[in-house]
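Next come the chains, spelled out residue by residue.
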Amino acid sequence: MSAGIEVVRAGALTTVQDEGRFGHAHLGVGRAGALDTPSARLANRLAGNPVTAALLETTVTGCAVRPDRAVRAVVGGAPCRVTVDGRPVAWGAAVRVPAGAVLDAGPAVHGLRSYLAFAGGLEPEPVLGSRSADLLSGLGPAPLSDGDVLPLGPPPPAGYPEAAGEAAAVPWPGVPAELVLPVVFGPRHPWFTSAGLRTLTTAAYRVSEKSNRIGLRTEGPALDRARQGELPSEGMVLGAVQIPPDGRPVVFLNDHPTTGGYPVVGVVPEPALAGAARVTPGTVVRFVLTAR
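Just so we're clear, the structure is a prediction, and the values are computed from it rather than from any experiment. (Residues numbered from 1 in each chain as written. Predicted model: local features only at pLDDT ≥ 70, side-chain atom pairs only at ≥ 80, totals over all residues. Heavy atoms only, no water.)

## Topic: the pairing of strand β20 (residues 284–289)
No. 1: Direction of pairing for strand β12 (residues 178–185) relative to β20: parallel, over a ladder of six bridges. Counted as the bridge partner of Pro-182 is Val-288 from β20.
No. 2: In this structure, strand β13 (residues 205–207) lies alongside β20, joined through two bridges in antiparallel fashion. Directly across from Tyr-205, in β20, lies its bridge partner Val-285. (Pairing = 2+ DSSP bridges. Helix = DSSP H or I, 4+ residues; strand = E, 2+ residues; numbered from the N terminus.)

## A word on helix α1 (residues 37–47)
No. 1: Regarding α1, the residues found buried are Ser-39, Ala-40, Leu-42, Ala-43, Asn-44, Leu-46 and Ala-47.
No. 2: Where α1 is buried, its residues touch β3 (55–57), β5 (71–77), β8 (94–97), β10 (114–118) and α3 (274–278).
No. 3: Among the residues trailing α1, Gly-48 stands out with phi positive, at a value near 90°. (Buried < 20%, exposed > 50% of the residue type's maximum accessible area, 1.4 Å probe, protein only. Contact = heavy atoms within 4.5 Å.)

## Structural notes on the side chain of Glu-234
No. 1: If you trace the backbone, Glu-234 turns up in strand β15 (residues 234–235).
No. 2: In this structure the side chain of Glu-234 is engaged in a polar contact, spanning 2.8 Å, whose partner is the side chain of Arg-188.
No. 3: Not counting residues up to four positions away in its chain, the partners in contact with Glu-234 are Arg-188, Thr-258, Thr-259 and Gly-260. (Polar contact = N/O pair within 3.5 Å; in protein donor to acceptor, adjacent residues only side chain to side chain.)

## Here's the deal with the sheet that holds strand β7 (residues 87–89)
No. 1: With antiparallel pairing, the six strands of this open sheet are ordered in space as β7-β6-β9-β4-β1-β11. Every interior strand has two partners, whereas the edge strands, β7 and β11 (149–151), have only one. Adjacent strand axes in the sheet meet at a mean angle of 30°, parallel and antiparallel pairs treated alike. (Axes fitted to C-alpha atoms, helices over the stretch in contact; angles between N-to-C directions.)

## Quick notes on the packing of aromatic side chains
No. 1: What the rule picks out here adds up to two aromatic pairs.
No. 2: Between Trp-91 and Trp-172, the ring centres sit 5.6 Å apart and the planes meet at 45°, which makes this aromatic pair tilted. Placement of the pair is Trp-91 in the loop between β7 and β8 and Trp-172 in the loop between β11 and β12, with a sequence separation of 81 residues.
No. 3: Judged by its relative accessible area of 28%, Trp-91 falls in the partly exposed class.
No. 4: We classify Trp-172 as buried; its relative accessible area is 13%.
No. 5: Here Tyr-205 and Phe-287 contribute two aromatic rings whose centre-to-centre distance is 6.0 Å and whose plane-to-plane angle is 75°, an arrangement assigned as edge-to-face. Of this pair, Tyr-205 sits in strand β13 while Phe-287 sits in strand β20; the two residues are 82 residues apart in sequence, bridging distant segments of the chain.
No. 6: The exposure class of Tyr-205 is buried, given its relative accessible area of 0%. (Phe/Tyr/Trp six-rings, centres within 6.5 Å; stacked < 30°, edge-to-face > 60°.)

Laid out in structure tokens, this is it:
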């Protein structure tokens, strides 16, 4: 019988994520995958997994799980209190969780999303080559509920970087006090006045509490339009900065739609998006024009 991890406390929003599913946008299927890729990869490495292994992504409140076999686990990403059967253990480092013990990742102290990686990785049924949950399309495993059981992959072979669990402290990506996003204009920036474009690159926006895995929504000044009306739906890419009718930028994240009819004023390069996964509502956001 295969090993599994029981969900004791699902938290506000906990999903299974990996690197995401690629190559299906023409079918209307987006990437999904862990929003904070550097943190997810580091958690997997410390657990002794390849970076492609599936793990848990929590939102704000953390989660608690109970493995039915002893397992090496790592809680990283947003800093939080970590316990095993109520006893404090290290955050951001590999810890041993005995069979039947409860690993609890508490609410985020700073930032938004924590990652729980387990040696061997999680192995729910893959969909289109990925085990990631996509909140927009509904593909992949559903967000976790109390009592769910997730299959756990076999432990890495003996000697496979076991030393990772005993490594010295490693630097984790920090939570930005202010989120600065480079933006490349296009394809629909001519739909906005020069004053509107100047507003985008000079104003201080704030992260809206309506943000989610689909997009980072902002609060702040609206962009003036040079052209009214909307477009026929066209393809959307990760990092697209779409301007809905209220005129306030929305930065598309991993669960974004693959098409849309509101104009895209620019695109945030993918490496800059991890910070958008870490910031909490109210954080200042600034867009900085870049050539690439």
